[in-house]
Structure formats: structure tokens, C-alpha cells
Amino acid sequence: MVVVGAGIVGASVAYHTARAGVAVTLVDAERPGAGVTADSFAWIGASGVLTGPAAGLRATATAEYRRVEAELPGLPVTWSGSLSWRAEGGAPEAGPGQEIVDAATVVMLEPNLRQPPEWAVWAPGDGAVDSVGVTERLVAGARDHGARVHLDAAVTAVRRDAAGRVAGVETAVGPLAGTTVVLAAGVATAALGASLGVCVPVEPSPSPLFRFRAPAGLVRTVVNTEDFDLRQVAADRLIAAADSPERTLAAVRSTFRGAGSVELLSTRLGVRPVPVDGEPIVGPVADVPGLYLAVMHSAVTLAPAVGRLVARELVHGIGEPALSGCRLDRF
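The sections below set out a description of the structure shown in this document.

Thresholds applied
- Residues numbered from 1 in each chain as written.
- Predicted model: local features only at pLDDT ≥ 70, side-chain atom pairs only at ≥ 80, totals over all residues.
- Heavy atoms only, no water.
- Helix = DSSP H or I, 4+ residues; strand = E, 2+ residues; numbered from the N terminus.
- Buried < 20%, exposed > 50% of the residue type's maximum accessible area, 1.4 Å probe, protein only.
- Phe/Tyr/Trp six-rings, centres within 6.5 Å; stacked < 30°, edge-to-face > 60°.
- Lys NZ or Arg CZ within 6 Å of the ring centre and 35° of its normal.
- Pairing = 2+ DSSP bridges.
- Axes fitted to C-alpha atoms, helices over the stretch in contact; angles between N-to-C directions.
- Contact = heavy atoms within 4.5 Å.
- Arc of directions from axis to C-beta.
- Salt bridge = Lys/Arg side-chain N within 4 Å of Asp/Glu carboxyl O.
- Core = buried A, V, L, I, M, F, W, Y, C linked by side-chain atoms within 4.5 Å.

Once that is clear, we can look at the environment of alanine 46. With respect to the element layout, alanine 46 can be found in the loop between β3 (43–44) and α2 (55–59). Overall, the relative accessible area of 15% leaves alanine 46 in the buried class. Residues alanine 46 and arginine 66 lie 20 residues apart in sequence; the distance between their C-alpha atoms is 12 Å.

Pasting the structure below:
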């Protein structure tokens, strides 16, 4: 099997299939996690999931990360919980894995808030990851189970045999053979599919991520407001997912006591692969035997679950019910 794309989804598929005994080759033009994976805010939560084809996958997100954490010791995950609130409105509703907390509890969880909200949603089981670190660990785990990894080798086409079945891929450094090809190449998946006459309805979506220098311990949880998603990633570093670095900086300074010295260090703009209906596209392509797709938004959140289920489908040849709503043929 050839897995195209060493972002977190491709790395997870390669790890889980190699662990299941499949001969796997993972190929990418860059280093593991170097694409949009590196630009993810990387908030991991099973909470509040109610509807949609991938609701079941999202509901298992934290449990799947804890499983991989046990399999790959040292996985860079921080289980901090998350707090969400809005400036206006009454008490919000709690979803699965969530609880409504009052201002006194919010202050206990985030003691540096200037004006704690009257109500907030607390998800104690939520966490966050170093997305590149997790990807690198998954790739190392795949290698430990016999996978071959080809980096700096851009895939230019999917090869087919005379009967139309997948036969591997062409790369900038030569062909790689495989009877199954998994396209986990983010926004590049659409172009690779189109070259085979397969329409993969994925659109590029900008993903701004800002890094700030900040005092140690300024933010304790994953904080979600109308202004930003914010978390502390090191003793003196914050990251935020928001629209404007200037507005975000001002919002951080006005939201937290002791934030006057916070300063912007960098801005990155990734390109997320977002299926047109917002739900993952995972599964075999009927018109191209041997071709399998794995492309989605919330890739960091869903990678462990999707990797495990894809491996089960490819090894056993039996469709996984949790992926039934994620097939390409829904379009």
C-alpha cells in the first residue's frame, strides 16, 4: 500500500496499517507535518458533538488520542480541558462531555481573566496536541512496524494497470508500486483525483495561526471566545486561531491580567482541505479499484480514529459503520 501525504492523517493511516501487518510506503514532498498540519490550532475534543455523518468519529476523538498515547509513549498531548463563552446571552447549553460553570469556577480555571463571564462551557476531557510532534511520532511508529518512508518525493500521478486498477504512484524521484493507494494529501487530493477522472469536492480554506510571546501561566486551558481560540503552548508562548493578528493581540491584552507584555511573534497562513459539506471524505473509490481517499477538515482531531478505521477497512475488506456517512458517493 502507498499512502500519499505525510500530514497527520496520512501518518496515522500509515502507522495503523503498518501496525496491522500491511506493507506500507508513505510518500510526501515535504517533512512529516510540514503542510497544513503545522498550521492547526490542534484542539482535541469529544465534547458537544451531536449531529452529522462524522459525529460518532468526533465523539471518540479524545478516547482515540488516549489509545494512541498509550501505544506511542511520549506523544505530545496536553489534557488541559477547554472553556468556551460568549459576551452576550444567557446560560449556554451543555453537550456531551460538557458542563455549565459559573464565574467563580471560571476564575478557578483561568485565574488571570479580567472579567470572567457569568457562564461558560467547561469540557474537562478536552486537550490539545503538538500537531507536528504527533505526526512525527506516528511516522516513527509506522517505521518501527516496517513502513518505508519517502520524503522530498512529490507524487505527480497515480499509476494504473491495463485493467484500470491502481498500480502505484509516480513521483519526482521515480515510481513506487502498490496495489492500494490512499490519497491523504490535503488540498492536493482533489488534483490527484481529477487526473483519474474522480471528482473530490474539497476546497482550500485559509487557516491563520498567530504565535505570541507571553508570560508563563497566563492561559491555563484551551479558551474559545468570539475573539479567538487561544492556548499556551510553552512557558512563554501562546498560539491563537483568529482572523486578525492586531485584533487578537488587543483582545488577549484586554481579556487577561498581566498580558500587557504579550507581543506578536509570527503569523502563518495554512490552507485547510475542507469538503464542500464540511464532513470527511473517507473510503474507496468505486470507479478506480485500489484507490482510497482520506481527506477532511478537523484532521488533527480525527486522525487517530480515522487511521484506525481505515486500517481495519483495508486489512479486512469490510466497511466500518462509523465511516458510512463519509463516503465519496454521497455527493
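Still more to cover.
It is worth spelling out the packing of aromatic side chains at this point. Counted according to the given criterion, the structure contains zero aromatic pairs. A cation over a ring is seen here: arginine 66 above tryptophan 79, with NZ or CZ 3.9 Å from the ring centre. It is arginine 231 that lies over the ring of phenylalanine 41; its NZ or CZ is 5.5 Å from the centre.

Across twelve bridges, strand β14 (residues 202–213) lies against strand β18 (residues 263–275) in antiparallel orientation. Bridging across to β18, arginine 211 finds its partner in serine 266.

Quick look at the sheet that holds strand β9 (residues 148–150) now. Taken together, the six strands give an open sheet; going across it, the order is β9-β2-β1-β13-β20-β19, and neighbouring strands pair in mixed fashion. Both outer strands of the open sheet, β9 and β19 (281–284), are each paired with one neighbouring strand and no more. Across the sheet, the mean angle from the axis of one strand to that of its neighbour is 20 degrees, orientation sign disregarded. Sheet analysis places strand β13 (residues 181–183) next to strand β20 (residues 291–295), joined by three bridges and oriented parallel. Among the inter-strand pairings, valine 182 is bridged to a residue of β20, identified as tyrosine 292. Where helix α1 (residues 8–19) meets the sheet, its contacts fall on β1 (2–4), β2 (25–27), β13 and β20, and the angle it forms with β1 comes to roughly 165 degrees.

Here we take up helix α7 (residues 245–255). Turning to α7, its buried residues are Pro245, Thr248, Leu249, Ala251, Val252 and Thr255. Take α7 and look down its axis: the buried residues cluster within an arc of 165 degrees, on one side only. The exposed residues of α7 that point more than 90 degrees off its buried face are Glu246 and Arg247. The elements touched by buried residues of α7 are β14, β16 (229–234), β17 (237–241) and β18.

Another aspect to go through is the pattern of salt bridges. Should their charged atoms come close, side chains of opposite charge can pair. Summed over all chains, the structure comprises 13 salt bridges. Glutamate 71 is paired through a salt bridge with arginine 67; the nearest N and O atoms lie 3.1 Å apart. Placement of the pair is glutamate 71 and arginine 67 together in helix α3 (residues 61–71), with a separation of four residues, close to one helical turn. The partner of aspartate 236 in a salt bridge is arginine 237, and the shortest N-O contact between them spans 2.9 Å. Three or more residues are tied together by salt bridges with common partners; here these are Arg19, Glu64, Arg67, Glu71 and Arg308.

Counting residues in hydrophobic clusters, the biggest one holds 44 residues, and the most contacted among them are Leu57 and Tyr65. Among the elements of the structure, α1, α3, α5 (131–144), β20 and α8 (299–316) are those that each provide at least two residues to this core. Counting residues in each nonpolar core, the second largest holds 24 residues, with Val106, Val219, Val223 and Ala259 among its members.

It is worth spelling out the sheet that holds strand β4 (residues 77–78) at this point. In spatial order, the strands read β3-β8-β4; together these three strands make up an open sheet with antiparallel pairing. At either end of the open sheet lies a strand with only one pairing partner, and these are β3 and β4. Pairing between β4 and strand β8 (residues 127–129): two bridges, direction antiparallel. Paired with threonine 78 across the strands is alanine 128, a residue of β8.

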